[in-house]
Amino acid sequence: MAQEQQSGQETAQKVAPATGKLGVMVVGLGAVATTMIAGVEAVRRGLAKPIGSLTQMGTIRLGKRTDNNSPFIKDFVPLAKLDDLVFTGWDIFEDDVYESAAHAEVLKPETLQQLKPYLETIKPLPAVFDQYYVKRLHGTHVKKGKNKRDLAEQVRADIRAFKKGVDRVVMIWAGSTEIFLEPSAVHQSIEAFEKGLESNDPGIAPSQIYAYAALTEGVPFANGAPNLTVDVPAMIELSKRNAAPICGKDFKTGQTFMKTVLAPAFKARMLGVSGWFSTNILGNRDGEVLDEPQSFKTKEESKLGSLEYIFQPELYPDLYSDIYHKIRINYYPPRGDDKEAWDNIDIFGWLGYPMQIKVNFLCRDSILAAPVALDLVLFLDLARRTPDLKSIGIQEWLSFYLKSPQTAEGLYPEHDLFIQFMKLKNTLRHIMGQDLITHLGLDYYD
Ligand SMILES: NC(=O)c1ccc[n+]([C@@H]2O[C@H](COP(=O)([O-])OP(=O)(O)OC[C@H]3O[C@@H](n4cnc5c(N)ncnc54)[C@H](O)[C@@H]3O)[C@@H](O)[C@H]2O)c1
């Protein structure tokens, strides 16, 4: 065995092939969702490349560096092909995907025009919605039911109807950020949750009604927003019981993506940090929803966590025990989906001498998020077909994509992007019976 690797032969799995159609049910057909769907169609037609998508463009090294063996990830693991994706979704507005994409103003009108005949065929199903949980929106295209249980049953019926035309299904939440909710008694077991559905417990948000319906139907569920949703014992139990994988929450795309790249670099060089101020302006509907304090609180909690875990102040009190970390999101309509983010980082080096770093990221929010959403869908579908992964519930190896990774109880979340990336690739090697790569490499010098 090469010293650089750990043997993976005995871990070979029988991953079921990705035959037939993969149905993708998207909750919330807004900017991110429509950019993903239109993008997939543009790639299918050869109009553009799937840039930003690891599943479509990434490679994975197998064996030693001298083996020169780095296949594309999509050729190495059996992923659903873009041609086999079938989309549907729910929204509180009746706009089809073409109208909604046009409203979001992320993709150019000429691009959307080319895709129009396809995009206008995807019309949202009526949503489960309650304005108590997203104050800034007034939904008109919503389901009516006698209680939350009834609404969950209606979503289950939607899933079963959609399943008739496809071979497998994955659900992804690309809906709005809900108000901040903390886990309560109703979330502690499946039984308590089901009673809560009957009694309309206010602790159960619409996102949890969708997630409950998905997991009950054996459908993997990804959460692109910072909502509590599946981050509670009842959902983890349901995920394991029905072999319906889940992962963390909140797409890691802009400022937090940069944070989880820069912070590990400071820590690696033992540079201290005294302050990190992040502010940004954003003018899309997401920005409008986040302008409301209770939805912002949910987002803020999700964004704040990463630095604390990366810096480990308990291990490095001289460097990181006194960081002033502040995050601001400002709704500023003129910029639409083109977010601008500023970070001021106060660091200190040798003998405590202070320095500053400024990061000014002019990004396109949904252009960054769409490939992340696509990859999560494809990898969750893979997990569902993989014996070693399908019944473990949380897929920690997908933390790479998320601001708030979810972990087994008692484990701290890993936020460092490069550790997350290594974990993701080693998971793929593991399930395909390949040796893991440790980067030791002493055998090259024998
Ligand atoms: N774009 C990014 O980079 C990024 C990064 C991280 C997280 N997110 C999160 O992803 C989510 C989507 O972002 P977006 O920019 O597409 O927002 P958006 O406002 O354009 O789209 C959200 C859509 O969800 C719909 N919706 C709200 N509640 C619903 C419900 N209960 N059922 C069905 N539909 C519902 C809204 O009507 C809207 O069409 C937001 O929560 C956002 O915070 C986005």
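Residues numbered from 1 in each chain as written. Predicted model: local features only at pLDDT ≥ 70, side-chain atom pairs only at ≥ 80, totals over all residues. Heavy atoms only, no water.

Draft legend 1. Representation of the overall build of the protein chain within the structure. Counting its regular elements, the protein chain contains 16 helices and 13 strands. Since a compact globule built from 446 residues should have a radius of gyration of about 22 Å, the 22 Å found for the protein chain is in line with a globular shape. Within the span of the protein chain, comprising 446 residues, buried residues form 56% of the whole. Sequence separation of 24 or more characterises 77% of the internal contacts of the protein chain that already satisfy a separation of 6 or more. (Helix = DSSP H or I, 4+ residues; strand = E, 2+ residues; numbered from the N terminus. Rg over C-alpha atoms; globule rule 2.2 N^0.38 Å. Buried < 20%, exposed > 50% of the residue type's maximum accessible area, 1.4 Å probe, protein only. Contact = heavy atoms within 4.5 Å.)

Draft legend 2. A negative patch on the surface, seen in detail. A contiguous patch of negative charge on the surface is contributed by Glu94, Asp95, Glu99 and Glu120. In this structure, glutamate 120 sits in the loop between helix H5 (109-119) and strand S4 (125-126). (Patch = residues over 30% accessible without salt bridge, like charges linked within 9 Å, V, L, I, M, F, W, Y side chains within 5 Å. Areas by Shrake-Rupley, 256 points an atom, 1.4 Å probe, with all protein chains shown as cover. Salt bridge = Lys/Arg side-chain N within 4 Å of Asp/Glu carboxyl O. Lys, Arg positive; Asp, Glu negative; His and termini not counted. Charge placed at Lys NZ, Arg CZ, Asp CG, Glu CD.)

Draft legend 3. Region of the structure containing helix H7 (residues 190-198). Of all the residues in H7, the buried ones are Ile190, Phe193, Gly196 and Leu197. Summarising the axial view, the buried residues of H7 lie within an arc of 120°, below the 170-degree limit, and thus occupy one face. Those residues of H7 that are buried are in contact with helix H6 (148-163), helix H8 (206-216) and helix H9 (233-241). (Arc of directions from axis to C-beta.)

Draft legend 4. Quick look at a nonpolar patch on the surface. A cluster of nonpolar side chains, contributed by Trp350, Leu351 and Tyr353, occupies part of the molecular surface with about 500 Å² of accessible area. Residue placement: tryptophan 350 occurs in the loop between strand S10 (340-348) and strand S11 (354-362). Residue classification places tryptophan 350 among the exposed residues on the basis of a relative accessible area of 75%.

Draft legend 5. A look at helix H1 (residues 31-44). When the terminal C-alpha atoms of H1 are compared, their 20 Å separation across 14 residues agrees well with the 20 Å that a helix rising 1.5 Å per residue should span. Residues Ala31, Val32, Ala33, Thr34, Thr35, Met36, Ile37, Ala38, Val40, Glu41 and Ala42 constitute the buried set of H1. On its buried face, H1 sits against strand S2 (22-27), strand S3 (85-91), helix H4 (97-104), H5, strand S7 (246-251) and helix H14 (365-384). A positive backbone phi angle near 75° is found at glycine 46, which sits one or two residues after H1. (Expected span 1.5 Å × (residues − 1).)

Draft legend 6. Focus on the packing of aromatic side chains. Overall, the coordinates contain eleven aromatic pairs when judged by the stated rule. An angle of 90° between the planes, with centres 4.8 Å apart, marks the rings of tyrosine 132 and tyrosine 133 as edge-to-face. Take tyrosine 133: its relative accessible area is 2%, and that puts it in the buried class. Taken together, a centroid distance of 4.9 Å and an interplanar angle of 75° make the contact between phenylalanine 400 and tyrosine 401 edge-to-face. Residue phenylalanine 400 is classed as buried on the basis of its relative accessible area, which comes to 15%. Given a relative accessible area of 4%, tyrosine 401 falls into the buried group. One aromatic cluster is present, built from ring pairs that chain together Phe379, Trp397, Phe400, Tyr401 and Phe421. Above the ring of phenylalanine 72, the side-chain terminus of lysine 74 is found at 5.9 Å from the ring centroid. Its guanidinium or amino end placed over the ring of phenylalanine 180, lysine 297 lies 4.8 Å from that ring's centre, counting from NZ or CZ. (Phe/Tyr/Trp six-rings, centres within 6.5 Å; stacked < 30°, edge-to-face > 60°. Lys NZ or Arg CZ within 6 Å of the ring centre and 35° of its normal.)

Draft legend 7. Quick look at the sheet that holds S11. If you trace the four strands from one edge of the open sheet to the other, you get S9-S8-S10-S11, paired in mixed fashion. Every interior strand has two partners, whereas the edge strands, strand S9 (324-331) and S11, have only one. Averaged over all adjacent pairs, the angle separating strand axes in this sheet is 10°, with direction ignored. (Pairing = 2+ DSSP bridges. Axes fitted to C-alpha atoms, helices over the stretch in contact; angles between N-to-C directions.)

Draft legend 8. Local environment of the site of the ligand. Near the ligand you find 33 residues, and of these Ala31, Val32, Asp91, Val128 and Gly175 are the closest. Between the ligand and alanine 31 there is a distance of 2.9 Å, counted from an oxygen atom to a backbone nitrogen or oxygen. In the model, an oxygen atom of the ligand is placed 2.7 Å from a nitrogen or oxygen of the glycine 175 main chain. The fraction of the free accessible surface of the ligand (840 Å²) that becomes covered by protein chains is 98%. Listing elements by their share of the shell around the ligand, those giving two or more residues are H1, S3, H8, S7, helix H11 (285-290) and H14. When its residues are assigned to classes, the shell around the ligand shows 18 nonpolar, eight polar and seven charged. (Near = heavy atom within 4 Å. Polar contact = N/O pair within 3.5 Å; in protein donor to acceptor, adjacent residues only side chain to side chain. Nonpolar A, V, L, I, M, F, W, Y, C, P; charged D, E, K, R; others polar.)

Draft legend 9. Local environment of the pairing of S7. For S7, the buried fraction is high: six of the six residues fall into the buried class. Two elements, S7 and strand S12 (residues 402-404), share two bridges in a ladder whose sense is antiparallel. Bridge assignment links lysine 249 to a residue of S12, and that residue is serine 404.

Draft legend 10. Looking closely at the packing of H6 against H8. The geometry of H6 relative to H8 is characterised by a closest axis approach of 9 Å and an angle of 50° between their N-to-C directions. What the angle tells us is that H6 and H8 run oblique. For the element pair H6 and H8, the recorded crossing hand is right-handed. In contact with Lys148, Arg149, Leu151, Ala152, Val155, Arg156 and Ile159 of H6, H8 contributes Ile209, Tyr210, Tyr212, Ala213, Ala214 and Thr216. (Parallel < 35°, antiparallel > 145°, perpendicular 65-115°, else oblique. Left-handed = near helix turned anticlockwise from the far one by under 90°.)

Draft legend 11. How the structure looks around the packing of H1 against H4. Where H1 meets H4, the axes come as close as 9 Å, and the angle between the chain directions of the two elements is 115°. Handedness of the H1/H4 crossing: left-handed. Facing H1, whose interface residues are Ala31, Thr34 and Ile37, H4 presents Val97, Ser100, Ala101 and Ala104. Looking at the contact of H1 with H4, its residues break down into five nonpolar, two polar and no charged.

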